[in-house]
Amino acid sequence: GNEQNKSSRIGNKEIEKSKKENKMSYTERKLRERRDMYLEATNLTAPHHRLATVLLAHLSDHCAKTSNPLPLYVGWEKVLEAGMMPMERTLSTSLYVLSLDEGK
């Protein structure tokens, strides 16, 4: 009884996960795969990954305030490497800051 209910709940979670993955765009799926590979290779956890995404937003804001795009070059490499999906605001800020370097 109890073991069967547990198995059923686990099965339902897998079905829900599969449904979510089917609704993802190609880019989202590829970023998720990249993130999973990165987490496995670095032994980091999903909460660590979320924290890194938040820290990237802070880095973008700092670079905008100081008009210094150089740290974002490293930050962007980490976004690609880790399969991060930054918030739209972070992307906008990063693009603005990186455009500051174009005029030089």
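All figures in this text were calculated on a predicted structure; none of them were measured in a lab.

Cut-offs and rules
- Residue positions are counted from 1 within each chain, in the order its sequence is given.
- The predicted origin of the model limits local features to residues at a pLDDT of at least 70 and limits the giving and counting of side-chain atom pairs to 80 or more, whereas totals for whole chains, interfaces and linings rest on all residues.
- Side-chain descriptors were evaluated using all non-hydrogen atoms of the structure, hydrogens and water having been removed beforehand.
- Helix and strand definitions here come from DSSP, where helices need a minimum of 4 consecutive H or I residues and strands a minimum of 2 consecutive E residues; each element is numbered from the N-terminal end.
- For every residue, the accessible area obtained with a 1.4 Å probe (protein chains only) is divided by the maximum for its type, and the residue is called buried under 20%, exposed over 50%, and partly exposed between those limits.
- Contact between two residues is taken to exist if any of their heavy atoms lie within 4.5 Å; hydrogens are not considered.
- To qualify as a nonpolar core, a set must consist of buried Ala, Val, Leu, Ile, Met, Phe, Trp, Tyr and Cys residues joined through side-chain atoms within 4.5 Å.
- For helices, the fitted axis covers only the stretch in contact; all axes are lines through C-alpha atoms, and the angles between them, taken along N-to-C directions, range from 0 to 180 degrees.
- Left-handed is the label given to a crossing in which the near helix is rotated counterclockwise from the far helix by less than a right angle, and right-handed is the label when the rotation is clockwise.
- Whenever a carboxyl oxygen of Asp or Glu lies within 4 Å of a side-chain nitrogen of Lys or Arg, that contact is scored as a salt bridge.
- The span expected for a helix works out to 1.5 Å for each residue beyond the first.
- This arc describes the spread of directions from the helix axis toward the C-beta atoms.
- Each patch is built from residues that are more than 30% exposed by relative accessible area and take part in no salt bridge. Like charges join if they lie within 9 Å; nonpolar side chains (Val, Leu, Ile, Met, Phe, Trp, Tyr) join within 5 Å.
- Computed with the Shrake-Rupley method and a 1.4 Å probe, the accessible areas treat only the protein chains shown as cover for residues.

Chemist: Hey, could you run me through the side chain of Thr 90 in this one?
Modeler: With respect to the helices, strands and loops of the structure, Thr 90 is situated in helix H5 (residues 88-102). Residue Thr 90 is classed as buried on the basis of its relative accessible area, which comes to 3%. Sequence-distant contacts of Thr 90, defined by excluding residues within four places in its chain, comprise Leu 56, Ala 57 and Ser 60.

Chemist: Quick question: what am I supposed to make of the nonpolar core here?
Modeler: Note on soluble globular proteins: their nonpolar side chains tend to be buried together. Among the nonpolar cores identified, the biggest contains five residues, and these are Tyr 38, Leu 56, Val 79, Ala 82 and Met 84. The residues touching Met 84, leaving out its near neighbours within four places in the chain, are Leu 31, His 49, Ala 52, Thr 53, Leu 56, Lys 78 and Val 79.

Chemist: For this particular structure, what's the right way to read the packing of helix H3 (residues 46-66) against H5?
Modeler: When two helices pack together, their arrangement is given by the angle between their axes and by how far apart the axes lie. Two elements in contact, H3 and H5, have axes whose closest approach is 9 Å; the angle formed by their N-to-C orientations is 35°. You can see that H3 and H5 cross each other, and the crossing is left-handed. Along its contact with H3, which presents Leu 56, Ala 57, Ser 60, Asp 61, Cys 63 and Ala 64, the element H5 presents Arg 89, Thr 90, Thr 93, Ser 94 and Val 97.

Chemist: Quick question: what am I supposed to make of the side chain of Thr 53 here?
Modeler: With respect to the secondary-structure elements, Thr 53 resides in helix H3. When near neighbours in sequence (up to four residues on either side) are disregarded, Thr 53 contacts Met 84, Met 85 and Pro 86.

Chemist: I tried to follow the pattern of salt bridges on my own but got confused; where do I start?
Modeler: Scanning the entire structure with this criterion turns up four salt bridges. In this structure, Arg 89 engages Asp 61 in a salt bridge whose closest nitrogen and oxygen atoms are separated by 3.0 Å. Taken together, the residues Arg 89 in helix H5 and Asp 61 in helix H3 connect sequence positions 28 residues apart. Classification of Arg 89 by relative accessible area gives partly exposed; the value is 44%. Judged by its relative accessible area of 23%, Asp 61 falls in the partly exposed class.

Chemist: Got a minute to help me understand H5 in this structure?
Modeler: The periodicity of an α-helix, 3.6 residues per turn, causes residues three or four places apart in sequence to face the same way. In this model H5 runs 21 Å from its N-terminal to its C-terminal C-alpha over 15 residues, within 8% of the 21 Å that 1.5 Å per residue would give. Residues Thr 90, Thr 93, Ser 94 and Val 97 constitute the buried set of H5. Around the axis of H5, the buried residues are gathered within 100° of arc, so they sit on the same side. In H5, those exposed residues whose orientation departs by more than 90 degrees from the buried face are Glu 88, Leu 95 and Glu 102. Tucked inside the fold, the buried residues of H5 contact H3 and helix H4 (70-82).

Chemist: Mind showing me how you'd approach a nonpolar patch on the surface here?
Modeler: Taken together, the side chains of Leu 51, Val 54 and Leu 55 define a hydrophobic patch exposed on the protein surface, amounting to about 260 Å² of accessible area. Here Val 54 lies in helix H3.

Chemist: So what exactly am I meant to see when it comes to the environment of Leu 31 here?
Modeler: Relative to the elements of secondary structure, Leu 31 occurs in helix H2 (residues 26-42). C-alpha of Leu 31 to C-alpha of Leu 80: the two residues are 49 residues apart in sequence and 8.4 Å apart in space. Once residues lying within four places of it in the same chain are set aside, the contact partners of Leu 31 are Gly 83, Met 84 and Met 85.

These results come straight from atomic positions and should not be treated as a statement about function.
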